[in-house]
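Architecture at a glance
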Amino acid sequence: MTTLFISDLHLEESRPDITGAFLSFLNKNAVGARQLYILGDFFEAWIGDDEHTPLQDQVAKALKTLSESGTEIFLMHGNRDFLIGEDYCVRAGATLLDDPALIDLNGTPTLLMHGDSLCTADVEYQKFRANMRNPQMQKMMLARPLEDRQKMARQLRELSAAKNQGKAESIMDVTPEEVVKTLEHYGVQLMIHGHTHRPDIHELQANGQNARRMVLGDWDKNIWWIEASPGQQPELKKAPL
Ligand code: MN
């Protein structure tokens, strides 16, 4: 039975093509899989489980159906949807994962991450991230009226787009030393993450041995996923959106 990994779908109302591709991915690829891991930025924005947009409800229903068919679903926060809470996970039949999460992938210890925490060259973003991940701060944000939060989310997105425009390409990618440090901290040789929108497989050295970093792609022009079957190397796959 296969284990599937996806990330960075950035689901939003203005991209029904991506939602459609996701729903058909569930039917074609995920039904019958043992596990589906969603590694962050599943939604383009999230301001609280109480928003209940038709898109959020439709996606929760589809995931719930998949989980009831026997596929285990795991959800990790990204930098866009870090406010997804337990309530939504229950509606979607999914289990919320910590970032990073260490799993046993068919006998291979594997570290799962969204990937933004590896981009340490972007000091300004890391400060913002620490602030946004502070439980006190999240509690305060979630206590504000829904309309306030919708306005805040719009402003944050504009601000982040403006800031990223002036940033060097290398700053927006992972820091190679941070990758090695993280693999060695957890004593693992395989890491899977998204976030950078640079789908690829990187071979490197960590813990004095060969290691591998598999990067998922964002669902914009293509759909990307990683498929892992027992006894086989996990594969990075893509199909046209
Ligand atoms: Mn991201």
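Being a predicted model, the structure only gives us computed values, none of them experimental.

Put simply, a metal with four donors set out as a tetrahedron has ideal angles of 109.5 degrees, and one with six donors set out as an octahedron has ideal angles of 90 or 180 degrees. The manganese ion binds to the protein through Asp41 (OD), Asn79 (OD1), His114 (NE2) and His195 (ND1), with metal-donor distances spanning 2.0 to 2.2 Å. The sequence motif formed by the donor residues of the manganese ion is D-x37-N-x34-H-x80-H. Of this pair, Asn79 sits in the loop between strand S3 (72–76) and helix H3 (86–92) while His195 sits in the loop between strand S7 (190–193) and strand S8 (200–206); the two residues are 116 residues apart in sequence, bridging distant segments of the chain. As far as burial versus exposure is concerned, Asn79 and His195 are alike and both buried.

The calculated volume of the largest pocket comes to roughly 1,000 Å³. Along the walls of the largest pocket sit 40 residues, with Asn79, Arg80, Tyr125, Ser160 and Asn164 positioned nearest its centre. At the level of elements, helix H4 (123–132) and helix H6 (146–165) are the ones that each hand at least two residues to the lining of the largest pocket. Ranked by the residues each element gives to the lining of the largest pocket, the list is headed by H6, at nine residues. Per-class residue counts for the lining of the largest pocket are 18 nonpolar, seven polar and 15 charged. Size it by volume and the second largest pocket reaches roughly 300 Å³. As for the second largest pocket, its lining consists of 16 residues, and the residues nearest its centre are Glu13, Ala45, Trp46, Glu51 and Arg157. Every element with two or more residues in the lining of the second largest pocket is listed here: helix H2 (54–68) and H6. If you tally residues by element for the lining of the second largest pocket, the top one is H6, at four residues. Of the residues that constitute the lining of the second largest pocket, the class distribution is seven nonpolar, three polar and six charged.

Now for empty space enclosed by the protein. One water molecule sets the probe size; rolling that probe over the atoms shows where empty space is left. Summed over all chains, the structure comprises one cavity of 30 Å³ or more. Considering only enclosed or pocket space, the largest cavity measures out at about 40 Å³ in volume. Residues that form the lining of the largest cavity fall into these classes: four nonpolar, one polar and two charged.

Moving on to the packing of aromatic side chains. Enumeration according to the criterion identifies eleven aromatic pairs in this entry. Between Tyr125 and Phe128, the ring centres sit 6.2 Å apart and the planes meet at 45°, which makes this aromatic pair tilted. With a gap of three residues between them, Tyr125 and Phe128 both fall in helix H4, about one helical turn apart. When its relative accessible area of 15% is taken as the criterion, Tyr125 is described as buried. Phe128 gets classed as partly exposed once you look at its relative accessible area, which sits at 32%. One aromatic cluster in this structure is built from Phe22, Phe25, Phe42, Phe43, Trp46, Tyr88, Trp219 and Trp225.

So, on to the sheet that holds strand S9 (residues 209–215). Strand order in the open sheet made by the five strands is S5-S6-S7-S9-S8, with mixed pairing throughout. Whereas interior strands pair on both sides, the edge strands pair on one side only; in this sheet they are strand S5 (101–105) and S8. Neighbouring strand axes in the sheet, compared pairwise and without regard to direction, differ in orientation by 25° on average. As paired elements, S8 and S9 share seven bridges and run antiparallel to each other. Following the sheet pairing, Leu204 is matched in S9 by Ala211. On top of the sheet, helix H7 (residues 176–186) reaches strand S6 (108–112), S7, S8 and S9; it is set at about 65° to S8, its chief contact.

Turning to the pattern of salt bridges, a few remarks are in order. Counted by the stated rule, this structure contains 21 salt bridges. In this structure, Arg91 and Asp87 form a salt bridge, with 3.5 Å as the shortest nitrogen-oxygen distance. On the criterion of helical spacing, the pair formed by Arg91 and Asp87 is a turn pair, its members being four residues apart in helix H3. Across the salt bridge formed by Arg212 and Glu203, the nearest N and O atoms sit 2.7 Å from each other.

All right, on to the packing of helix H1 (residues 16–30) against H2 then. Here H1 crosses H2 at 5°, and the two axes come no closer than 11 Å. By the angle between their directions, the pair H1 and H2 is classed as roughly parallel. Each of Thr19, Phe22, Leu23, Leu26 and Ala30 in H1 lies in contact with H2, whose residues at this interface are Leu55, Gln58, Val59, Ala62, Leu63 and Leu66. Partitioned by chemical class, the residues of the contact of H1 with H2 number nine nonpolar, two polar and no charged.

What counts and how
Residues numbered from 1 in each chain as written. Predicted model: local features only at pLDDT ≥ 70, side-chain atom pairs only at ≥ 80, totals over all residues. Heavy atoms only, no water. Donors = N, O, S within 2.8 Å, 3.2 Å for Na, K, Ca; no water. Helix = DSSP H or I, 4+ residues; strand = E, 2+ residues; numbered from the N terminus. Buried < 20%, exposed > 50% of the residue type's maximum accessible area, 1.4 Å probe, protein only. 1 Å grid on protein atoms, 1.4 Å probe; cavity = no way out; pocket = protein on both sides within 12 Å on 5 of 7 lines; lining within 4 Å. Points joined across faces, edges and corners; volume = space filled by probe spheres on them. Nonpolar A, V, L, I, M, F, W, Y, C, P; charged D, E, K, R; others polar. Phe/Tyr/Trp six-rings, centres within 6.5 Å; stacked < 30°, edge-to-face > 60°. Pairing = 2+ DSSP bridges. Axes fitted to C-alpha atoms, helices over the stretch in contact; angles between N-to-C directions. Contact = heavy atoms within 4.5 Å. Salt bridge = Lys/Arg side-chain N within 4 Å of Asp/Glu carboxyl O. Parallel < 35°, antiparallel > 145°, perpendicular 65-115°, else oblique.

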